[in-house]
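What follows is the residue order along each chain.
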Amino acid sequence: MTTMTMRLLGLAAAGLVLAACQSMSPQERRARDENTCASYGFRRGTDAFATCLQRIDLDRRAEARAFRYDNDAFLRGPYHWH
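Fair warning: this is a prediction, and the values are worked out from it, not measured in the lab. Numbering of residues starts from 1 in every chain and runs along the sequence as written. Whole-chain, interface and lining totals are the exception, using all residues; otherwise, since this is a predicted model, local features are given only for residues with pLDDT of at least 70 and side-chain atom pairs are given and counted only at 80 or more. The basis for every side-chain value is the complete set of non-hydrogen atoms in the structure, without hydrogens or water.

Trainee: Where do I start with the state of the cysteines in this structure?
Mentor: Put plainly, two cysteines are in a disulfide when a covalent bond ties their sulfur atoms together. Cysteine sulfur atoms that pair up within 2.5 Å are treated as a disulfide. Applying the stated rule across the entire model yields 1 disulfide. The disulfide that involves C37 links it to C52, with 2.0 Å between the sulfurs. Between C37 and C52, the disulfide has an S-S torsion of -95° and is therefore left-handed. Of this pair, C37 sits in helix α2 (residues 26-39) while C52 sits in helix α3 (residues 47-70); the two residues are 15 residues apart in sequence, bridging distant segments of the chain. Relative accessibility thresholds used throughout: buried, under 20% of the residue-type maximum; exposed, over 50%; partly exposed, between the two (1.4 Å probe, protein chains only). By relative accessible area, C37 is classed as buried at 0%. For C52, a relative accessible area of 8% puts it in the buried group. Helix and strand definitions here come from DSSP, where helices need a minimum of 4 consecutive H or I residues and strands a minimum of 2 consecutive E residues; each element is numbered from the N-terminal end.

Set out below in structure tokens:
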């Protein structure tokens, strides 16, 4: 194989590995969020723990909205067609 082919295969493999790491089921995400709140010192079953989970979820949604806004050509600003 040529060097270029090897590089492309390496990049493709790295991309697959990264993509696999980023996919997370809702159950896995919830468990991670619960572990995060527990690591902050909140106890499961308390109002503070529920508030922590809610804030994590709201932050995740705000990040998703910001990402969509930044990548939406129609929302970024006025365009002048000549």
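Trainee: I keep staring at α3 and nothing clicks. Help me out?
Mentor: A turn of α-helix holds 3.6 residues, and therefore any two residues three or four places apart point the same way. Given the number of residues in a helix, its expected span is that number minus one, multiplied by 1.5 Å. Here α3 contains 24 residues, and its C-alpha end-to-end distance of 34 Å stays within 8% of the 34 Å for a straight helix at 1.5 Å per residue. Two residues form a contact once any of their heavy atoms are found within 4.5 Å. The inward-facing, buried residues of α3 contact α2.

Trainee: So what exactly am I meant to see when it comes to the environment of I56 here?
Mentor: Tracing the backbone through its elements, the reader meets I56 in helix α3. Spatially, the C-alpha atom of I56 lies 9.7 Å from that of E34, the residues being 22 residues apart in sequence.

Trainee: How should the pattern of salt bridges be read in this particular structure?
Mentor: A pair can form between side chains of opposite charge whenever their charged atoms are brought close. In the sections that follow, a salt bridge refers to a side-chain nitrogen of Lys or Arg positioned within 4 Å of a carboxyl oxygen of Asp or Glu. What the rule picks out here adds up to 4 salt bridges. Where D33 meets R60, a salt bridge forms, and the shortest distance between an N and an O atom there is 2.8 Å. Placement of the pair is D33 in helix α2 and R60 in helix α3, with a sequence separation of 27 residues. For D33, a relative accessible area of 8% gives the class buried. In this structure, the salt-bridge partner of R44 is E34, at a minimum N-O distance of 3.9 Å. Highlighted residues: R44 in the loop between α2 and α3 and E34 in helix α2, separated in sequence by 10 residues. The exposure class assigned to R44 is partly exposed, which follows from its relative accessible area of 48%. Each of the salt bridges in this network shares a partner with another, and the network as a whole consists of R30, E34 and R44.

Trainee: Whenever I open this one, the environment of M24 confuses me. Can you help?
Mentor: Mapped onto the secondary structure, M24 falls in the loop between α1 (3-22) and α2. Ignoring anything within four residues of it in the chain, the contact list for M24 reads R29 and R32.

Trainee: How do you make sense of α2 when you look at a structure like this?
Mentor: A rise of 1.5 Å per residue sets the reference length of α2, with its 14 residues, at 20 Å; its end C-alpha atoms lie 20 Å apart and thus fit the reference within 8%. Immediately beyond the C-terminal end of α2, within one or two residues, lies G41, with a positive phi of roughly 105°.

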